[in-house]
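So the chains spell out like this:
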Number of protein chains: 2
Amino acid sequence: MKRKTYSCGLEAALDVVGGKWKVLILWALHDERRRFGDLRRTVSGISEKMLIQNLKEMEADGIVIRHDFREIPPRVEYALTSFGISLSAALSPLCEWGQLHMARIGAVKEEEEEARGRIEA
Amino acid sequence: MKRKTYSCGLEAALDVVGGKWKVLILWALHDERRRFGDLRRTVSGISEKMLIQNLKEMEADGIVIRHDFREIPPRVEYALTSFGISLSAALSPLCEWGQLHMARIGAVKEEEEEARGRIEA
DNA sequence: CTTTTCACTTACAAAAAGGTAGGTACTTGT
DNA sequence: ACAAGTACCTACCTTTTTGTAAGTGAAAAG
């Protein structure tokens with residue numbers, strides 16, 4: 001068994017919340033618990049596969065809890081654990097930063113995409 | 001030209017600092033400017049290709065500046081811009097969170113890896 | 001004249017992430 | 001009898017990301 005080590009806290013945090021969807025799922029849950037289908041509609045663009053896959057990982061990482069009501073038709077709710085809540089708190093300055101510079105970032109990324117388009121064409 | 005929009009600040013931030021290496025590079029630069037080779041040694045495990053690739057993107061995103069001394073043998077230094085510094089500031093709570101829960105995260109991720117090993121074997 | 005240093009570049013290969021389309025079980029409503 | 005809704009699962013495929021290994025140029029050191 002290799003000891004998993006991180007060179008800084010960011011690396012550890014990214015290990016839990018990296019990838020394209022997890023922060024968005026976290027965000028969707030940061031103020032209210034939601035059912036699977038509700039999440040699917042809220043996190044726009046996500047596929048069912050990605051949603052469950054990420055939810056499972058997040059559950060394994062202890063940042064969300066799954067509550068199965070064992071009803072038929074099925075009803076399952078997802079919520080943040082206290083660990084997940086602490087994570088979303090740690091993420092909020094980054095969120096604010098992103099919000100503040102959203103226009104700038106979006107503009108730069110558009111340029112980059114256009115540039116790539118020019119090269120590939 | 002499609003307007004690039006983000007559903008929350010986190011999405012925008014991740015667009016700039018996503019991926020496996022960028023936060024680590026940012027971290028390596030957050031307290032001092034460094035030469036290419038220095039970065040290569042500091043960010044352990046990164047390949048030259050990934051390092052330049054990420055540095056270029058970060059430069060295009062305005063979070064690092066490249067200073068070429070135009071000497072031979074070549075000498076190039078990288079440093080954070082003020083934008084980059086603001087980003088690293090926004091990242092520091094997440095860094096602290098990661099540091100605080102590093103042991104827990106590492107343990108869970110080890111378990112997950114072992115579990116995957118069991119299945120694949 | 002060969003080797004070394006440094007900051008890259010390029011071609012190629014491997015791995016990880018993400019997407020699509022279908023299916024399951026079970027009940028309620030028509 | 002049949003379609004609809006719910007929360008999934010599975011196999012397969014494409015795209016994106018990451019890694020590896022080699023090469024470049026230009027001067028200076030041996």
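Residues numbered from 1 in each chain as written. Chains lettered and ligands numbered in written order. Predicted model: local features only at pLDDT ≥ 70, side-chain atom pairs only at ≥ 80, totals over all residues. Heavy atoms only, no water.

An unreviewed UniProt entry annotates chain A as Transcriptional regulator of Telmatospirillum siberiense.

Student: Explanation requested: the interface of chain A and chain B in the structure shown.
Tutor: Where the parts come together, the accessible area they lose is often given as the size of the interface. At the interface, 45 residues of chain A touch 45 residues of chain B. Of the roughly 4200 Å² buried between chain A and chain B, counting both surfaces, carbon and sulfur atoms make up 71%. If you look at where chain A meets chain B, you find two salt bridges. With a closest N to O distance of 3.1 Å, A:Lys109 and B:Asp61 form a salt bridge. Here chain A and chain B share six residue pairs in polar contact (both at pLDDT 80 or more) between them. Elements that contribute at least two residues to the side of chain A that touches chain B include exactly α1 (9–17), α2 (22–29), α4 (48–60) and α5 (82–120) of chain A. Of the residues belonging to the side of chain A that touches chain B, the class tally is 23 nonpolar, nine polar and 13 charged. (Contact = heavy atoms within 4.5 Å. Buried area = accessible area lost by both parts, 1.4 Å probe. Salt bridge = Lys/Arg side-chain N within 4 Å of Asp/Glu carboxyl O. Polar contact = N/O pair within 3.5 Å; in protein donor to acceptor, adjacent residues only side chain to side chain. Helix = DSSP H or I, 4+ residues; strand = E, 2+ residues; numbered from the N terminus. Nonpolar A, V, L, I, M, F, W, Y, C, P; charged D, E, K, R; others polar.)

Student: Any chance you could explain the protein's contact with DNA strand D here in plain terms?
Tutor: Close to DNA strand D lie 20 residues; A:Arg35, A:Glu48, A:Arg66, A:Tyr78 and B:Lys49 are nearest. The sugar-phosphate share of atoms of DNA strand D within 4 Å of the protein amounts to 65%. A:Arg35 is positioned with one of its side-chain polar atoms (N or O) 2.8 Å from a phosphate oxygen of DNA strand D. Those elements giving two or more residues to the surface near DNA strand D turn out to be α3 (36–42), α4 and β3 (76–80) of chain A together with α4 (48–60) of chain B. The element best represented in the surface near DNA strand D is α4(A), accounting for three residues. Its residues assigned to classes, the surface near DNA strand D comprises 10 nonpolar, three polar and seven charged. (Near = heavy atom within 4 Å.)

Student: Explain the sheet that holds strand β2 (residues 64–68) of chain B to me, please; I cannot follow it from the model alone.
Tutor: Residues and elements named next belong to chain B. The strand order β1-β3-β2 describes an open sheet built from three strands, whose pairing is antiparallel. The open sheet terminates on both sides in strands that have one partner only, identified here as β1 (34–35) and β2. Relative to strand β3 (residues 76–80), β2 runs antiparallel, the two being bridged by five bridges. Across the sheet, Asp 68 pairs through a bridge with Val 76, a residue of β3. Of the strands in this sheet, β1, β2 and β3 touch helix α2 (residues 22–29), which is tilted by about 95° from β3. (Pairing = 2+ DSSP bridges. Axes fitted to C-alpha atoms, helices over the stretch in contact; angles between N-to-C directions.)

Student: Can you help me understand the relation of the copies chain A and chain B in this one?
Tutor: Between the two chain copies there is a screw-like relation: a rotation about an axis and a shift along it. Once turned by 180° and shifted 0.0 Å along the axis, chain A lies on chain B with an RMSD of 0.1 Å. The transformation relating the two chain copies, once decomposed into turn and shift, fits a two-fold axis. A share of 100% of interface residues in chain A that are also interface residues in chain B marks the association as one of identical surfaces. (Least-squares fit on C-alpha atoms with pLDDT ≥ 70 in both.)

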